[in-house]
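If you want the building blocks of each chain, they are given just below.
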Amino acid sequence: MGFLSFFKGKSKVKLEDEFFGILQHEVFKKPSVHNSFHGSRLFQNNLTHFIIATQENLPTKKQKLFFEKIESEYESIKDNIVIPFLLEEYDPEFMKPLTDDFNNDFNNDFTLETIIINEIMGSKNEWELCYDSKEAQHLITIHFNGMIPQFTTMDG
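Keep in mind that what you see is a predicted model, and the values were worked out from it rather than measured.

Rules used throughout
Note that residues are indexed from 1 along each chain, following the sequence as it is written. Owing to the predicted nature of the model, reporting of local features is limited to residues with pLDDT of at least 70; listing and counting of side-chain atom pairs is limited to 80 or more, with chain, interface and lining totals taken over all residues. To get the side-chain values, take all heavy atoms of the structure and skip hydrogens and water. Take the buried residues of types Ala, Val, Leu, Ile, Met, Phe, Trp, Tyr and Cys, join any two whose side-chain atoms come within 4.5 Å, and each joined set is a nonpolar core. Accessibility here uses a 1.4 Å probe with only protein chains present; expressed as a share of the type maximum, an area under 20% marks a residue as buried, one over 50% as exposed, and anything in between as partly exposed. Helix and strand definitions here come from DSSP, where helices need a minimum of 4 consecutive H or I residues and strands a minimum of 2 consecutive E residues; each element is numbered from the N-terminal end. Contacts are residue-level and defined by heavy atoms, with any inter-residue pair within 4.5 Å sufficient. Pairing between strands is defined by DSSP: at least two bridges between the two strands are required. A carboxyl oxygen of Asp or Glu within 4 Å of a side-chain nitrogen of Lys or Arg is what we treat as a salt bridge.

Draft legend 1. Representation of the nonpolar core in the model. If you look at the biggest cluster of nonpolar residues, it comprises 29 residues, and the most contacted ones within it are V82, I115, I117, L129 and Y131. Counting only elements with at least two residues in this core, the list comes to β3 (36-43), β4 (46-53), α1 (61-72), α2 (74-89), β5 (110-121), β6 (124-133) and β7 (138-145). For this core, the element with the highest residue contribution is α2, accounting for seven residues. Among all residues touching V82, those that are not within four sequence positions of it are I77, F106, L129, Y131, I142 and F144.

Below is the structure:
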């Protein structure tokens, strides 16, 4: 048993959820690593991936309700939270200078790739929006606690 086998998924099972559709359930051997459900669905007219982390046998009702909230309020979340946060976190080393019309720049440059929702426990609600940026040629992930962005990471 190698070191990396400690983190590898024990099993990957496909199942169907009435809300999310076909899910791939990944169960990990290490108890502190959350099991997760992976899938894709149309979100804002684009095929978007999602990961739901939970120790339950299916995504929880709270996670489904939260996903619905993100979906129904996405334009407001994007315009009032995501774009201002990215402008604040902007790093000219990776992206061209931003114009005064960053809303249009955002829609042309950033594609929502993945939504990650962790277990929701009381007031602790950590989740992420991961965008593919054509200009930066990286994935830019915004990490949230509730509706407050905490930090960004860049991969790729």
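Next, the rest of the story.
Draft legend 2. Main features of the pairing of β4. As paired strands, β3 and β4 are joined by eight bridges and run antiparallel to one another. In the strand pairing of β4, F43 is matched with N46. Note that β4 and β5 share four bridges and pair parallel. Across the sheet, residue I51 finds its bridge partner in β5, namely I116.

Draft legend 3. The pattern of salt bridges, seen in detail. Counted according to the given criterion, the structure contains six salt bridges. K78 is paired through a salt bridge with D79; the nearest N and O atoms lie 3.9 Å apart. You can call D79 partly exposed: its relative accessible area is 35%. What you see here is one network of salt bridges that share partners, running through D17, E18 and K64.

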